[in-house]
Amino acid sequence: QVRLVESGGGLVQAGGSLSLSCAASERTFGSYTVAWFRQAPGKEREFVAAIYWSGGSTYYAESVEGRFTISRDGAKNTVYLQMNSLKPEDTAVYYCAADPYGRPLSSRVTSYNYWGQGTQVTVSS
């Protein structure tokens, strides 16, 4: 069992930047795959980005490619999501998710076993 704790959400104007963090408590990410998803009101949860903890390979949704960057810090056992050039349509609750089996990078919600509580990101126009 791993507990994921997100932080860093908030309110920002369109064109601005925010950085989200996802820390794993009680154990390290090891060979996990870690991803960010988001869910806007009335919409389904959607994939944003994913990273292999051990190799660092990444995968992005087309809607955020070139604007968002997912990265990891082994010393802090934390995954980050740097969000630049934010748009009002990026407004959502952002969730960190982890797959402990290191399966191929996936955009499917069902590929991830552990989820954080979510952090709100609001982009004003």
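If you're wondering where the values come from, they're calculated on a predicted model, not measured in any experiment.

### As for the overall build of the protein chain
- For the protein chain, the helix and strand inventory stands at 0 helices and 11 strands.
- Taken from the N to the C terminus, the helices and strands of the protein chain come in the order β-β-β-β-β-β-β-β-β-β-β.
- At 13 Å, the protein chain has a C-alpha radius of gyration in line with the 14 Å of a compact globule built from 125 residues.
- Its C-alpha atoms put the protein chain at 40 × 25 × 25 Å along the principal axes.
- Burial status across the protein chain gives 45% buried among its 125 residues.
- Taking as baseline every contact in the protein chain between residues at least 6 positions apart, the subset at least 24 positions apart corresponds to 58%.
- Of the side-chain charges in the protein chain, 11 are positive and 10 negative, and the distance between the mean point of each set is 3 Å.

### A short note on the nonpolar core
- Ranked by internal contacts, the top residues of the largest apolar core, which has 37 residues, are Leu-4, Phe-29, Trp-36, Val-79, Leu-81, Met-83 and Tyr-94.
- Of all the elements in the fold, those that place two or more residues in this core are β3 (18-25), β4 (33-39), β5 (46-52), β7 (68-73), β8 (78-83), β9 (92-99) and β11 (119-124).
- Ignoring any residue separated from it by four or fewer positions in sequence, one finds Leu-81 in contact with Leu-18, Ser-19, Leu-20, Trp-36, Val-48, Ala-49, Phe-68, Thr-69, Ile-70 and Tyr-94.

### Digging into the pattern of salt bridges
- Taken as a whole, this structure holds 4 salt bridges when the rule is applied.
- Close ionic contact of Asp-90 with Arg-38 constitutes a salt bridge, the shortest N to O distance being 2.9 Å. Note that Asp-90 is positioned in the loop between β8 and β9 and Arg-38 in strand β4, a separation of 52 residues in sequence.
- Among the residues examined, Asp-90 registers a relative accessible area of 1% and is labelled buried.
- Overall, Arg-38 belongs to the buried group, its relative accessible area being 6%.
- Of the charged contacts, one joins Asp-90 and Arg-67 as a salt bridge, the two residues approaching to 2.8 Å between their closest N and O atoms. Of the two residues, Asp-90 is situated in the loop between β8 and β9 and Arg-67 in the loop between β6 (58-60) and β7; the sequence distance between them amounts to 23 residues. Arg-67 shares its class with Asp-90; the two are buried.

### Examining the side chain of Thr-78
- Relative to the helices and strands, Thr-78 is located in strand β8.
- A relative accessible area of 8% means that Thr-78 is categorised as buried.
- Only 2.8 Å separates the side chain of Thr-78 from the backbone oxygen of Lys-76, close enough to count as a polar contact.

Conventions adopted
Residues numbered from 1 in each chain as written. Predicted model: local features only at pLDDT ≥ 70, side-chain atom pairs only at ≥ 80, totals over all residues. Heavy atoms only, no water. Helix = DSSP H or I, 4+ residues; strand = E, 2+ residues; numbered from the N terminus. Rg over C-alpha atoms; globule rule 2.2 N^0.38 Å. Buried < 20%, exposed > 50% of the residue type's maximum accessible area, 1.4 Å probe, protein only. Contact = heavy atoms within 4.5 Å. Lys, Arg positive; Asp, Glu negative; His and termini not counted. Charge placed at Lys NZ, Arg CZ, Asp CG, Glu CD. Core = buried A, V, L, I, M, F, W, Y, C linked by side-chain atoms within 4.5 Å. Salt bridge = Lys/Arg side-chain N within 4 Å of Asp/Glu carboxyl O. Polar contact = N/O pair within 3.5 Å; in protein donor to acceptor, adjacent residues only side chain to side chain.

Keep in mind these numbers describe shape, not what the thing actually does.
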